[in-house]
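Residues per chain, in single letters:
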Amino acid sequence: MGKGIARLEIGLIVAGLVAIAVLRPHGLWGDGGVRYLNLTELLTTGEVSDGKYSLIGPLLSAPMWLAGQLVGAREAWVAHYNGVVLALGLLAFYWMLRDRMPREVLRTFLLLLVFASMFAKHVTLYYGEVFTAVLVAVGTIVVVTGRRGGWVAVVTGVANTPAALVGLGLLALRRAWDTRRAWCLLVVFAAGAVVMAEAWIRRGSPFRTGYESGNQDHHTVMPYSGGEGFSYPLVFGLLSLLLSFGKGLVFFAPAFFLPVRERLKDLRARADLGALYGMWMAFTVGLILLYAHYWAWTGAHFWGPRYLLFASLPACLVLAVRMHRPYESLLPNVLTLVALALSVWVGVSGAVFGDSAATPAGCLVDGPRYEAPLCYYTPEFSALWYPFVEPPTMDAAQLAYLVFGLGAGAYLLARPALVVFRQVSARVAAVRFTPDRGL
């Protein structure tokens, strides 16, 4: 029975990755298109562009660019790069943790990343967040499992997204605190050195970021719009990134806010999962604090909280652990079930509807002036709920993935739903058969 379930879950993970690759469109628009052009310029002319986006992640996609060139499908091959990065990351997660934590929990964690997280949407584009998230996650697992080279992976991932230096700072502080080894803080300087070296090579100065000009918002009815750089009020940015209907983590990674430390201890894993969870949370908090102050905290038209993809990792770990280590009381298990159900919809809707749900026509009433408050704060225009307001016409591929994704989600929901059902049934039975003793 156990081996059969293991084969089923591994099959679902592989099938999920294949389904996203085959059934969902992949593109090179937005920032991803700029990264692709920078890579193409380098590989065709030997010239290094002075663009503002790092070339570290795109450089590692060069084999796919070259393979696509051979078969006349260069853009199509490169557009699948982030899917390959995620697949290799999941393989690395499994290989490093398979004997260091309960395998059923590990498989659930991987299933959640594929079917119930923001990764399902992100891997369809050539943006940089997937590379950074996977490299940092792999690197931290290497660190906590006592292998070598972990910090190299972390530094590489962070250098691909220089703004993540703030997250790395908190991650390093957390690791230094846990281990009482201050040298962990040196990784922040190492990542900063890599960022400055790339800037020097590409722009002629280690202090030129590429964001010196043209990095400004347009004016809307929102009072703090139209700024540039890190000009957005921190408090309002935090409220928006955490609670807004269109971009808030409470909707796109709800398990991020659920406690799990006691349940992590109950696992008795050989790997220090508490330390891993702490590092992931610290990194995510750093990203939240940084981007809450950034004028483009929204990620513009991108589906969901674009810059906070990494939050999916601790959120999925929390869900996996709570699903396999349920609580004795009802309320925590109900919260697990609700968070899981919402996370499944995040993964499925992101893959099926994507940016078409993130920029509904109703958001553009009277032009972009009203775009932000409608798209980012109004429930009806949230990328998660708009498909229910205006059900889109779906093609066969969308319908196929919708059915498959919801089926995988139902499999994930079965265990916590059964736990809640049994607890509710026990309470009802206790009330029904308790004799009335009167006054």
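You'll find the structure just up there.
Residues numbered from 1 in each chain as written. Predicted model: local features only at pLDDT ≥ 70, side-chain atom pairs only at ≥ 80, totals over all residues. Heavy atoms only, no water.

Turning next to the overall build of the protein chain. Check the secondary structure of the protein chain and you find 22 helices and zero strands. For 439 residues, the compact-globule formula gives about 22 Å, and the C-alpha radius of gyration of the protein chain, at 22 Å, lands near that figure. Seen through its C-alpha atoms, the protein chain measures out along the principal axes to roughly 85 × 55 × 50 Å. Sorting the 439 residues of the protein chain into buried and exposed places 54% on the buried side. Summarising the internal contacts of the protein chain: among those between residues at least 6 apart in sequence, 74% fall at separations of at least 24. Of the roughly 19,700 Å² that the protein chain leaves accessible, carbon and sulfur atoms contribute 66%. Positive and negative charge centroids in the protein chain, built from 35 and 25 side chains respectively, lie 13 Å apart. (Helix = DSSP H or I, 4+ residues; strand = E, 2+ residues; numbered from the N terminus. Rg over C-alpha atoms; globule rule 2.2 N^0.38 Å. Buried < 20%, exposed > 50% of the residue type's maximum accessible area, 1.4 Å probe, protein only. Contact = heavy atoms within 4.5 Å. Areas by Shrake-Rupley, 256 points an atom, 1.4 Å probe, with all protein chains shown as cover. Lys, Arg positive; Asp, Glu negative; His and termini not counted. Charge placed at Lys NZ, Arg CZ, Asp CG, Glu CD.)

Moving on to the environment of Gly 278. Examined against the element boundaries, Gly 278 turns out to sit in helix H16 (residues 273-291). A relative accessible area of 1% places Gly 278 in the buried class. Distance in space between the C-alpha atoms of Gly 278 and Gly 27 is 34 Å, their sequence separation being 251 residues. Those residues in contact with Gly 278, other than ones at most four positions away along the chain, are Arg 174 and Arg 261.

In this section: the packing of aromatic side chains. Under the defined criterion, the tally for this structure stands at 24 aromatic pairs. Judged by centre distance (5.5 Å) and plane angle (75°), the rings of Phe 115 and Phe 404 are edge-to-face. Here Phe 115, found in helix H7 (residues 103-115), pairs with Phe 404, found in helix H22 (residues 396-433); they are 289 residues apart in sequence, far enough to count as distant. With a relative accessible area of 25%, Phe 404 lands in the partly exposed category. Taken together through their ring pairs, the aromatic side chains of Tyr 224, Tyr 232, Phe 236, Trp 297, Tyr 376 and Tyr 377 make up a single cluster. Here the basic side chain of Arg 263 rests over the ring of Tyr 327, its NZ or CZ set 4.0 Å away from the ring centre. (Phe/Tyr/Trp six-rings, centres within 6.5 Å; stacked < 30°, edge-to-face > 60°. Lys NZ or Arg CZ within 6 Å of the ring centre and 35° of its normal.)

Let us now look at unusual backbone geometry. In this structure, Arg 180 takes a positive phi of about 60° despite not being glycine. Examined against the element boundaries, Arg 180 turns out to sit in the loop between helix H11 (165-179) and helix H12 (186-203). By relative accessible area, Arg 180 is classed as exposed at 61%.

Of all hydrophobic cores here, the largest spans 126 residues; its most connected members are Phe 93, Phe 109 and Leu 313. Beyond its immediate sequence surroundings of up to four residues, Leu 313 is in contact with Phe 93, Phe 109, Leu 113, Phe 119, Ala 133, Ala 137 and Trp 280. (Core = buried A, V, L, I, M, F, W, Y, C linked by side-chain atoms within 4.5 Å.)

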